[in-house]
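A look at the structure
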Amino acid sequence: MGHLVEYKDPLPDHQSLLGIVIHVAEVDSNVYERGYLEAEVVWTKKRWSEKNAGKGLSLFETFEDASRLKILS
């Protein structure tokens, strides 16, 4: 928690997207995957559009698979 992270995505729109991890949890299983770390991240700019924010998060906050995050600090 508290790490400065960058989202690892090959798409140019999502490169250099910086955020701060505010919570990490292990997900035993969900509809798609099993046994991975999920990070709640606050981003410096909107990660998704308003209609995709979901889960009651702000427009700058998302849940991400931690393996797709590069820790910078």
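Look above for the structure.
What counts, and at which threshold
- Along each chain, residue indices are assigned from 1 in the same order as the chain's sequence is written.
- Predicted model: local features are reported for residues with pLDDT of at least 70 only, side-chain atom pairs are reported and counted for 80 or more only, and whole-chain, interface and lining totals are derived from all residues.
- Side-chain figures throughout are based on the complete set of non-hydrogen atoms in the structure, without hydrogens or water.
- Ring pairs are drawn from Phe, Tyr and Trp, using the six-membered ring of Trp, whenever the two centres fall within 6.5 Å, and their geometry is named by plane angle: stacked under 30 degrees, edge-to-face over 60, tilted for the rest.
- Helix and strand definitions here come from DSSP, where helices need a minimum of 4 consecutive H or I residues and strands a minimum of 2 consecutive E residues; each element is numbered from the N-terminal end.
- The rule is simple: take the accessible area with a 1.4 Å probe, protein chains only, and divide by the maximum for that residue type; under 20% is buried, over 50% is exposed, in between is partly exposed.
- A pair of strands is treated as paired once DSSP finds two or more bridges between them.

**Considerations on the packing of aromatic side chains**
Taken as a whole, this structure holds one aromatic pair when the rule is applied. For the ring pair Y7 and W43, a centre distance of 6.1 Å and an interplane angle of 90° mean the geometry is edge-to-face. Taken as a pair, Y7 in strand β1 (residues 4–7) and W43 in strand β3 (residues 34–43) lie far apart in primary sequence, 36 residues in all. A relative accessible area of 7% means that Y7 is categorised as buried.

**Regarding the pairing of β1**
The two faces of β1 differ: V5 and Y7 on one face are buried, but L4 and E6 on the other face are not. As paired elements, β1 and strand β2 (residues 18–29) share three bridges and run antiparallel to each other. In the sheet register, V5 faces β2, and the bridge partner there is G19. The pairing of β1 with strand β5 (residues 69–71) spans three bridges and is antiparallel. Looking across to β5, one finds that V5 is bridged to I71.

Note that every value here comes from positions in space, so none of it alone points to a role or purpose.
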